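Here is how the chains run, residue by residue.
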Number of protein chains: 2
Amino acid sequence: MSAHKAMDYRAAGVDLERAELDKQGLAALLQSTKDSLTLSDLGLFGGLYAIPRDVADPVLVSSADGVGTKLKVAFLAGEHGTIGQDLVNHCVNDILVQGARPLFFLDYLATTSVEDGVLQRVVSGVAKACKENGCALLGGETAQMPGFYREGEYDLAGFVVGIVSRSEILDRAQVQAGDLLIGLPSSGLHTNGYSLARRILFEVAGLGIGDLIPGMEESVGAALLQIHRSYLHVLAPMVNDGSLLALAHITGGGLPGNLPRSLPDGLGAEIRTRSWEVPPLFRVLQRTGSIDDAEMYRVFNMGVGMVAIVNPREADVVLARLVDSGEPAWLLGEVVEGAGVRFD
Amino acid sequence: MSAHKAMDYRAAGVDLERAELDKQGLAALLQSTKDSLTLSDLGLFGGLYAIPRDVADPVLVSSADGVGTKLKVAFLAGEHGTIGQDLVNHCVNDILVQGARPLFFLDYLATTSVEDGVLQRVVSGVAKACKENGCALLGGETAQMPGFYREGEYDLAGFVVGIVSRSEILDRAQVQAGDLLIGLPSSGLHTNGYSLARRILFEVAGLGIGDLIPGMEESVGAALLQIHRSYLHVLAPMVNDGSLLALAHITGGGLPGNLPRSLPDGLGAEIRTRSWEVPPLFRVLQRTGSIDDAEMYRVFNMGVGMVAIVNPREADVVLARLVDSGEPAWLLGEVVEGAGVRFD
């Protein structure tokens, strides 16, 4: 070995020793989410997870997602502990829609340069939500990318794998005209519409991250960083016992973009816009940005985070069970002949 | 619906109609990788994949990864069709090391603004490598992130899920002192060391992407974009029949960083540096950057992309099988008492 050292990897912007240190902190976080089926610890090349034996004819359900420009709000607020929860909950909802419960999760976190502790706070949020959703954080990648991201910024993506018995897959083919739509409230913007919301609040309204939203008692940061809810615990019992025909997770594209993904071709939906009160945040965004209704419903969830599609004979029972479990669900509309989502 | 439209999502930098168009092109790519176990098409919220019935006591093996700043070389070269192959092959190698074959893959692709067709070329590369590795491209996320990435740039991450029978998991606990290391050649830098390599070639040497590397008949772009190999087809037969004790995929951290991940605590490795010829690209990088040997071996694979650990009684047979199958493998070194990797 030569002792001469003119340039090394650290000089090129990548610090392997620091990456190793970070990894040790991350190992404890992963450890905290282990369950009896998790067979591997960090340090192996791949994570190992045993397939549960209690699922007949098991099918894996998987989804990849990011959190979009909600990250920019987290950067502005200096709040890095919740964005990982947004990510996990979003992914868990996406596979719940197919009837699956999550088994494990992996994250991808990429940055050029952030302050000490930021990445750990992000992954802590990921681990917290994994525990809440009963899934193992099986691994992930923390990528140091010199020259990619702005100082203090990062991108975050996640992948979930869940399982469902083949006979219990929620299949839109079961849905018919006349079936009813039950709405479940969102907790805020969830993870969609942030580019427009930021433009309206920061540029048009000229608000700062700590300012109160006009007419509300919540700051811009607090309102925009409300954690994307997971619907797993409230809906899983009904998914398992066959009470639901289908589910639609209302993400990018809003009700018009997501409801059709859970309907057979040729069927559409009629939404009763007077059946719920659109939360004040959306009204402020609409008024301040002078956005028309169609665009609002296409970009934002408008207070509807998840839609359950049920047989009319089951609707009362499902609604009562949801309300009894503390979930303020309501009758949102109906499945109708003819494609598309109509609002009345 | 109001006809007034003062601001919409497109004005804020996100074009949902274009995203929809892209999605239709992507659907054809995903379709091209479908196998008999793929139960879902694009458009559902999660991808569905049936668990193969021919694997006794099945265990899932999963890994997430990115391609690091190799992307910067792809941007400079305007070559977007191979980076997805790097990603898939990297992930497939990572789970192969545990004995698993891949089932399905998902990608995450994030950008602020790229030219038409770029994202499709990236995902085409992902789909091509999925086909080559016999796994389904089950889904993915294409994220439009206004204000995150530079014009023409993107980040790319991926996530693979594979399967292995519990009794066939490659377990480093089986490895003992005296076991032999077999080296398999890399095809280039694979996906590691790019921040340093770019700094040396572009800044120190002042080369352009199309310039020939001094002493080589290959351009900087061609040499740096050599596709990260998949070792699946060459190694899977030996993984399945128990000829191998363990594998180590030589990625970030090089031989000293990765070999120990496949050795029991307290054991190390002795590498015979004269057993192979380090490819010219690494020598040019070392000379031009005045990098010492230790740093070279820590940052780059130095021509060794994968290491197989075998019982000395099996070594000749494994080597012969590899060479007969067209793989120029060689005896790289030996497992020894005492932690750490030593070079002689």
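Predicted, not measured: the structure shown is a model, and the values here were computed from it.

**Comments concerning the sheet that holds strand β6 (residues 180-185) of chain A**
Residue and element names in this part refer to chain A.
Right, so step 1: What the six strands build is an open sheet, ordered β7-β9-β6-β10-β8-β11; its pairing is mixed. Since the sheet does not close on itself, it has two edges, and those belong to β7 (246-249) and β11 (340-343), each with one partner. Each strand axis lies, on average, 25 degrees off the axis of its neighbour in the sheet, ignoring direction.

**Looking at the packing of helix α5 (residues 194-204) of chain B against helix α9 (residues 280-289) of chain B**
Residue and element names in this part refer to chain B.
Right, so step 1: Direction vectors running N to C along α5 and α9 enclose 65 degrees, while the axes themselves pass 10 Å from each other. α9 is crossed by α5, and the crossing has left-handed handedness. Of α9, the residues touching α5 (which contributes A197, I200 and V204) are L285, T288 and G289.
Right, so step 2: Looking at side-chain class alone, the contact of α5 with α9 contains four nonpolar, two polar and no charged residues.

**Focus on the sheet that holds strand β10 (residues 330-337) of chain B**
As a general point, the strands of a sheet are linked pairwise by backbone hydrogen bonds and lie either parallel or antiparallel.
Residues and elements named next belong to chain B.
Right, so step 1: Across the sheet, which stays open at both edges, the six strands sit in the order β7-β9-β6-β10-β8-β11 with mixed pairing between neighbours. With partners counted over all chains shown, the strands left at the sheet margins are β7 (246-249) and β11 (340-343), one partner each. Averaged over all neighbouring strand pairs, the angle between strand axes comes to 25 degrees, with direction disregarded.
Right, so step 2: Two elements, strand β8 (residues 267-271) and β10, share five bridges in a ladder whose sense is antiparallel. The residue of β10 that forms the bridge with I271 is G333.
Right, so step 3: Seen against the sheet, helix α11 (residues 312-324) touches β6 (180-185), β9 (304-310) and β10 and runs at an angle of roughly 20 degrees to β6.

**Section: the pairing of strand β9 (residues 304-310) of chain A**
Residue and element names in this part refer to chain A.
Right, so step 1: A large share of β9 lies buried, amounting to seven of its seven residues.
Right, so step 2: Bridge analysis of β6 against β9 gives six bridges, and the strand direction is antiparallel. Note that in β9 the partner of G183 across the bridge is V307.
Right, so step 3: Bridging between β7 and β9 involves four bridges; their strand directions are antiparallel. Each bridged residue has a counterpart across the sheet, and for A248 the counterpart in β9 is V307.

**A word on the confidence of the model for chain A**
Residue and element names in this part refer to chain A.
Right, so step 1: For chain A, mean pLDDT is 91; residues scoring 70 or higher make up 92% of the total.
Right, so step 2: The model gives residues 1-6 a pLDDT under 50, and that stretch makes twelve contacts with residues more than four places away or in other chains.
Right, so step 3: The complex model carries a pTM of 0.92, and its ipTM stands at 0.91.

**Describing the pairing of β6(B)**
All names here are of chain B.
Right, so step 1: For β6, the tally of buried residues reaches five of six residues, placing the bulk of the element in the interior.
Right, so step 2: The pairing of β6 with β10 spans four bridges and is classified as antiparallel. Note that in β10 the partner of G183 across the bridge is W330.

**Quick look at helix α7 (residues 232-240) of chain A**
All names here are of chain A.
Right, so step 1: For α7, the complete set of buried residues consists of L232, L235 and V239. What you see down the axis of α7 is that its buried residues fit within an arc of 85 degrees, all on one side. Along α7, exposed side chains directed more than 90 degrees from the buried face belong to H233 and P237.
Right, so step 2: Check the buried side of α7 and you find it contacts α3 (83-96), β3 (101-111) and β7.
Right, so step 3: Looking one or two places after α7, you find G242, whose phi comes out positive at around 80 degrees.

Cut-off values and rules
- Residues numbered from 1 in each chain as written.
- Chains lettered and ligands numbered in written order.
- Predicted model: local features only at pLDDT ≥ 70, side-chain atom pairs only at ≥ 80, totals over all residues.
- Pairing = 2+ DSSP bridges.
- Helix = DSSP H or I, 4+ residues; strand = E, 2+ residues; numbered from the N terminus.
- Axes fitted to C-alpha atoms, helices over the stretch in contact; angles between N-to-C directions.
- Left-handed = near helix turned anticlockwise from the far one by under 90°.
- Contact = placed C-beta atoms within 7 Å.
- Nonpolar A, V, L, I, M, F, W, Y, C, P; charged D, E, K, R; others polar.
- Buried ≥ 20, exposed ≤ 12 C-beta atoms within 10 Å, placed from the backbone.
- pLDDT = per-residue confidence, 0-100.
- Arc of directions from axis to C-beta.

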